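A structural walkthrough
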Amino acid sequence: MTAVAARLTHTDVLESEAVYIFREVAGEFEKPVLLFSGGKDSVVMLHLALKAFAPAPLPFPLLHVDTGHNFPEVLAYRDRVVAAHGLTLHVASVQDYIDRGVLRERPDGTRNPLQTLPLLEAISGGGFDAVFGGGRRDEEKARAKERVFSLRDEFGTWDPRRQRPELWQLYNGRHLPGEHVRVFPLSNWTELDVWQYIAREGIELPSIYFAHEREVFLRSGMWLAPGDWGGPRDGEPVEKRRVRYRTVGDMSCTGAVLSEASGVDEVIVEITASRLTERGATRADDRLSEAAMEDRKREGYF
């Protein structure tokens, strides 16, 4: 081992791998795009991408599939970051598809499963051949099966049998016309790695990732926020609790956790003690069935 390698920390290695992936994609693909919702994983991805190409501008745009039920604090943060860096943001709106009668509201009010069609049409319409996503293998069983380069067919669907070996960090981006590749620079990161990197780099996050007082109600063991999406139902009293969010998505299926962690260091301590993954603890859409995420991935979801 060289003296330089000996000085690299675990976080350094993860950062170096992600930067290499961004540069590899920029050199190999014609038209990449980065999914950016304002959630912590996409925030870290953007930070890494900006580092990868500095001092040059980011060589690809951002894309957000807006369910219409996103947290206002997160959308405000998204727009602030885009403006601060002079980035191009494409927004695919689930509400537009509902208004046109292409998609229908679900009885449970959640729109996360409705994101697939707007996502696929945004990729196809934009001519994007590589799409960066913030999925990590520690999040969920289906995501643990992903390669860093995940081939999607002409319909945007995922077949685990078509995934390619990635020995020695050799990534195969070959694809036929109409196909594209989903790319996951944070594949080998954990939730704790993400937060330790946020602490090291001093990355700003939306305020809802830290403890704050919020009106919430309890449903199936999860603290959900009231909103236009339809919650709460009769018999679900609204309470004021001190909470924070471990992951951010559609308000209808993203639960808060009771917490006093008001800063990054406190969050790291809290995560270290937790025995539940962030999605297992706070995402109702993953509880629909054992294979809920894998089924959606086969249809074209991230």
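Let me begin by describing the structure that accompanies this report. Source: prediction; values computed, not measured.

For the rest of this paragraph, the subject is the side chain of Arg 244. Examined against the element boundaries, Arg 244 turns out to sit in strand β9 (residues 239-244). A polar contact is formed between the side chain of Arg 244 and the side chain of Glu 270, at a distance of 2.8 Å.

This paragraph deals with the pattern of salt bridges. Think of it this way: side chains of opposite charge can pair up when their charged atoms draw near. Evaluated as defined, the whole model comprises 19 salt bridges. The shortest N-O distance in the salt bridge between Lys 51 and Glu 15 comes to 2.6 Å. One end of the pair, Lys 51, is in helix α3 (residues 40-53); the other, Glu 15, is in helix α2 (residues 10-28), with 36 residues separating them in the sequence. On the accessibility criterion, Lys 51 (36% relative accessible area) is partly exposed. Taking the shortest distance from any N to any O, the salt bridge between Glu 236 and Arg 219 comes out at 2.8 Å. Of this pair, Glu 236 sits in the loop between β8 (222-224) and β9 while Arg 219 is found in strand β7 (residues 212-219), placing the two residues 17 residues apart along the sequence.

What follows concerns the sheet that holds strand β1 (residues 32-35). If you trace the six strands from one edge of the open sheet to the other, you get β3-β2-β1-β4-β6-β5, paired in mixed fashion. The open sheet has two edge strands, β3 (89-93) and β5 (149-152), and neither has a second partner. Pairs of neighbouring strands in the sheet enclose a mean axial angle of 30°, with direction left out of account. Here β1 pairs with strand β4 (residues 130-132) via three bridges, running parallel. Each bridged residue has a counterpart across the sheet, and for Val 33 the counterpart in β4 is Val 131. Against the sheet, α2 engages β1, β4, β5 and β6 (180-183), with an angle of about 40° to β5.

Once that is clear, we can look at the packing of α2 against α3. At their nearest, the axes of α2 and α3 sit 9 Å apart, and the two run at 70° to each other. Considering their axes alone, α2 and α3 lie roughly perpendicular with respect to each other. Between α2 and α3 lies a crossing whose hand is right-handed. Within the contact between the two elements, α2 uses Glu 15, Ala 18, Val 19, Phe 22, Arg 23 and Ala 26 and α3 uses Met 45, Leu 48, Ala 49, Lys 51, Ala 52 and Phe 53. By residue class, the composition of the contact of α2 with α3 is nine nonpolar, no polar and three charged.

Across the sheet, which stays open at both edges, the four strands sit in the order β8-β7-β9-β10 with antiparallel pairing between neighbours. Two strands lie at the open edges of the sheet, namely β8 and β10 (257-258), each paired on one side alone. The pairing of β7 with β8 spans three bridges and is antiparallel. For Leu 218, the partnering residue across the bridge sits in β8 and is Trp 223.

Turning our attention to the packing of aromatic side chains. Applying the stated criterion across every chain yields a total of twelve aromatic pairs. Look at Trp 195 and Tyr 209: their rings are 6.1 Å apart centre to centre, the planes differ by 70°, and that puts the pair in the edge-to-face class. Linking Trp 195 in helix α8 (residues 191-201) with Tyr 209 in the loop between α8 and β7, this pair joins segments that are 14 residues apart in sequence. Each of the two residues, Trp 195 as well as Tyr 209, counts as buried. Taken together, the ring pairs in this structure connect Tyr 20, Phe 29, Phe 149 and Tyr 171 into an aromatic cluster. One Lys or Arg, Arg 100, reaches over the ring of Tyr 97 and ends 4.6 Å from the middle of that ring.

Conventions and cut-offs
- Residues numbered from 1 in each chain as written.
- Predicted model: local features only at pLDDT ≥ 70, side-chain atom pairs only at ≥ 80, totals over all residues.
- Heavy atoms only, no water.
- Helix = DSSP H or I, 4+ residues; strand = E, 2+ residues; numbered from the N terminus.
- Polar contact = N/O pair within 3.5 Å; in protein donor to acceptor, adjacent residues only side chain to side chain.
- Salt bridge = Lys/Arg side-chain N within 4 Å of Asp/Glu carboxyl O.
- Buried < 20%, exposed > 50% of the residue type's maximum accessible area, 1.4 Å probe, protein only.
- Pairing = 2+ DSSP bridges.
- Axes fitted to C-alpha atoms, helices over the stretch in contact; angles between N-to-C directions.
- Contact = heavy atoms within 4.5 Å.
- Parallel < 35°, antiparallel > 145°, perpendicular 65-115°, else oblique.
- Left-handed = near helix turned anticlockwise from the far one by under 90°.
- Nonpolar A, V, L, I, M, F, W, Y, C, P; charged D, E, K, R; others polar.
- Phe/Tyr/Trp six-rings, centres within 6.5 Å; stacked < 30°, edge-to-face > 60°.
- Lys NZ or Arg CZ within 6 Å of the ring centre and 35° of its normal.

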